[in-house]
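Fold and geometry: a report
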Number of protein chains: 2
Amino acid sequence: MKFYDCKMAPNPRRARIFLAEKGVTIPTVQLNILEGENLREPYLSVNSRGLLPTLELDDGTRFDEVMAICRYIDELYPMPKLLGRTPIERARVESYQRKAEFEGMIAGSEAFRNQHANFAERSIPGAPRQSVPAIPDLVARGRQTIDRFHAWLEALLSQSEYLCGDAFTMADITTLCAVDFHKWIEVSIPATNTNTLRWYQAVAARPSAQA
Amino acid sequence: MKFYDCKMAPNPRRARIFLAEKGVTIPTVQLNILEGENLREPYLSVNSRGLLPTLELDDGTRFDEVMAICRYIDELYPMPKLLGRTPIERARVESYQRKAEFEGMIAGSEAFRNQHANFAERSIPGAPRQSVPAIPDLVARGRQTIDRFHAWLEALLSQSEYLCGDAFTMADITTLCAVDFHKWIEVSIPATNTNTLRWYQAVAARPSAQA
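Residues numbered from 1 in each chain as written. Chains lettered and ligands numbered in written order. Predicted model: local features only at pLDDT ≥ 70, side-chain atom pairs only at ≥ 80, totals over all residues.

Per-residue confidence for chain A averages 95 on the pLDDT scale, and 100% of its residues sit at or above 70. Across the whole predicted complex the pTM is 0.96, and at the interface the ipTM reaches 0.95. (pLDDT = per-residue confidence, 0-100.)

Encoded structure:
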């Protein structure tokens, strides 16, 4: 297998932490997104959308989308369980992981990209073939969504150690990546959200968080 | 189990078609979203975000997110396989289902909601506690994304019968729901996209498409 990655990008980090928790090492190709390496050949022949990460199998099969990559890795390396141990847990991980993705990662991306000169013509990630102009109103909406996400997260973590109960899962990974990504727009966990701060200390201290 | 649904809404339909393909019937509570039944009690006690659908288990456990619901149902009723038959197929279904969701369903929702007077203060689905003003620029961006989605879909379906090869999967379900939803904004499959039109005829003719 081969993993196309960008060390500084928040979204591939979700897959990197998942791999680190599994103890799996895959030969990795680093792309420099600041220099736009993901937006031109040869990478566009790997991923026509210019998105990162991509997983390439030995038979040449490729797919993107972090969750597709993580599910595939999980089939090859089932332990430790990071997608839930029972049907109900798996449904909860899916639901909360998606919430963290939409209201954490994507809201952060909207708030970041639409205020940044580099993305004036690329409001969405990847390499669209036409201009996709920034929409400045998405900055406030993204920040508002992150506020709601933090309120939800604090209520949840007042009831349980991790997002989905007593076990660390993919929902925690996506949330950690979202919270760290929000530093780029100077948004932090509110100081009064003591349960979230306790959770953050624990998950950020795991060796996998260095990935 | 109990399924909280809205027959006219495009997103719950994804779960309804999944259930119909599995041959599973669950007692269903219909909510009238035109009258805002999902945005007030008693439904907010079921789903604090006011989102549909929600699945409620007999022990009171509830979760939302269509994919969480479908994965749970799939564990109880594994046949027919709708999420892939092999690890590679499952990764592909996850990847393409997400693409259909982001570039089909969500792009359609952005194009629809942000032009409609009913959603002037609810640019995002559900029941946020504060106003989330419409962003008119999202209409053009959503339509642009749908155009790209159709180009991708046509190229894919020129190579295979269904989105993920020779078997009907959740990726087809989400795409069918997106294409039908786009009628609300008067967007159709381009007449020159003959492979997509052939695919649409086949999937829309399945009994489950009535769900």
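That covers the picture; the talk isn't over yet.
Among the eleven residues that make up helix 3 (residues 66–76) of chain A, eight are buried, leaving the element largely enclosed by the rest of the structure. Within the sequence span of helix 3 of chain A, burial applies to A:Val66, A:Met67, A:Ala68, A:Ile69, A:Cys70, A:Arg71, A:Tyr72 and A:Ile73. (Buried ≥ 20, exposed ≤ 12 C-beta atoms within 10 Å, placed from the backbone. Helix = DSSP H or I, 4+ residues; strand = E, 2+ residues; numbered from the N terminus.)

Another point: the relation of the copies chain A and chain B. Each copy of the sequence occupies a distinct position, and chain A is placed on chain B by a rotation of 180 degrees and an axial shift of 0.0 Å, giving an RMSD of 0.0 Å. Accordingly, the operation relating the two chain copies is best matched by a two-fold axis. The residues that chain A uses at the interface reappear at the interface of chain B in 100% of cases, marking a shared surface. (Least-squares fit on C-alpha atoms with pLDDT ≥ 70 in both. Contact = placed C-beta atoms within 7 Å.)

Time to look at unusual backbone geometry. All names here are of chain B. Here Leu-52 and Pro-53 are connected by a cis peptide whose omega angle stands at 0 degrees. Counting through the fold element by element, Pro-53 comes out in the loop between helix 2 (43–46) and strand 3 (54–56). Backbone torsion omega between Met-79 and Pro-80 reads -10 degrees, so that peptide bond is classified as cis. Looking at where Pro-80 falls in the secondary structure, it is placed in the loop between helix 3 (66–76) and helix 4 (87–113). The backbone of Glu-65 shows a phi angle near 80 degrees, a positive value even though the residue is not glycine. You can see Glu-65 is positioned in the loop between strand 4 (62–64) and helix 3. For Glu-65, a count of 23 C-beta atoms within 10 Å translates into the label buried.

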